[in-house]
Amino acid sequence: MRKFFFCFFLFLFTLWGDMLDEKVQNLIGIQSYNVNKNFINRIFENRDSFYLDGRLDIKKVVTTLKDNGLLILKFNQPGDLNITFASQTTPIFLARSINSALSSMGYSYFAVSQAQYKKGMSKIVFSFSTEHALDPSIIINELAKRGYIFLDIKRNSISDWEYDVELIDPKLANTKEIQAPQTLEVTEVSGEYWFSVKGKGNITIISNNNSWRPRIVLYDKNLQIINLITQSATAKEITLTILEGVGFIMVTDAQNPAIIKNGIKVDFQNFDKE
């Protein structure tokens, strides 16, 4: 029995070591790995600490490589960069998350060069003209703010990377969270208001402008449209019933969003108890 457990743990140690070594080689390149092998062995000496719940802690691995000067991201000359993001969510939600994260990192010129959605899995390729690859540690932190965790990062070349991410707690940038019972008064110069909804109940939306023509979209957590309310007649307020499954609400004006740029009041209350 002791021999069995010894062999089992030896197997796990060997497996973990191989996984970590393979990932380091992939992220920095085999040539750099061979040149710096002794140094790499020292900084990754406590191998167990680079695993989380039985899998590689990608964030810790890339941060360790970066902090020790082993993660080279700068190109020899300006060129094209392709980054593939894959996640089990809708393309619209993934694209919105990545767009927001890249904008926060200072990237304003990028394009979606490829997108596909198959069996619930979205895969989107973003292309740039740049002098360096994305810093994985920064994009990890930015997407963590938007509810994602990183499962894997693969470096095909310095100009071609793949990110496998999992959406744990869907969040959108520039949204206000609202949970019954709660009342919010908000102003948005764009005239487009986004809310992250927690729970069920009745929501009353009151405009500061009597000329409001309501356009309200209810989405699920993956930004699939559940319901669309559009009203051609002007209104001061409107009340909606929010049921299970609604993750986000967008409020604007059906003809001109600027109509409600001066603010709205949102009152979210639980259903009356019978």
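Keep in mind it's a predicted model, so treat the numbers as computed, not measured.

1. A word on the pattern of salt bridges
Here the structure, examined in full by the defined rule, presents 7 salt bridges. Asp135 serves as the salt-bridge partner of Lys66, at 2.6 Å between the closest nitrogen and oxygen. Linking Lys66 in helix H4 (residues 58–67) with Asp135 in the loop between strand E5 (121–132) and helix H6 (136–144), this pair joins segments that are 69 residues apart in sequence. Judged by its relative accessible area of 34%, Lys66 falls in the partly exposed class. With relative accessibility at 13%, the residue Asp135 sits in the buried group. Across the salt bridge formed by Arg146 and Glu142, the nearest N and O atoms sit 3.0 Å from each other.

2. Description of the environment of Leu27
Relative to the elements of secondary structure, Leu27 occurs in helix H1 (residues 2–28). Under the relative-accessibility criterion, Leu27 is labelled buried at 2%. C-alpha separation for the pair Leu27 and Gly69, spaced 42 residues apart in sequence, amounts to 12 Å. If sequence neighbours within four positions are ignored, Leu27 has contacts with Val61, Val62, Leu65, Leu71, Ile153, Arg155 and Trp161.

3. Quick look at the packing of aromatic side chains
What the rule picks out here adds up to 9 aromatic pairs. Where Phe85 meets Phe126, the ring centres are 5.9 Å apart and the plane angle is 85 degrees; that geometry is what we call edge-to-face. Of this pair, Phe85 sits in strand E3 (residues 74–87) while Phe126 sits in strand E5, placing them 41 residues apart in sequence. Both residues of the pair, Phe85 and Phe126, count as buried. When the ring of Tyr107 is compared with that of Phe128, the centres are 5.3 Å apart and the planes differ by 70 degrees; the resulting orientation is edge-to-face. Placement of the pair is Tyr107 in the loop between helix H5 (91–104) and strand E4 (111–118) and Phe128 in strand E5, with a sequence separation of 21 residues. One exposure class covers both Tyr107 and Phe128, and it is buried. Members of the aromatic cluster, each reached through a chain of ring pairs, are Phe85, Tyr107, Phe110, Phe126, Phe128, Phe150 and Tyr163. One Lys or Arg, Arg96, reaches over the ring of Trp194 and ends 4.3 Å from the middle of that ring.

Definitions and cut-offs
Residues numbered from 1 in each chain as written. Predicted model: local features only at pLDDT ≥ 70, side-chain atom pairs only at ≥ 80, totals over all residues. Heavy atoms only, no water. Salt bridge = Lys/Arg side-chain N within 4 Å of Asp/Glu carboxyl O. Helix = DSSP H or I, 4+ residues; strand = E, 2+ residues; numbered from the N terminus. Buried < 20%, exposed > 50% of the residue type's maximum accessible area, 1.4 Å probe, protein only. Contact = heavy atoms within 4.5 Å. Phe/Tyr/Trp six-rings, centres within 6.5 Å; stacked < 30°, edge-to-face > 60°. Lys NZ or Arg CZ within 6 Å of the ring centre and 35° of its normal.

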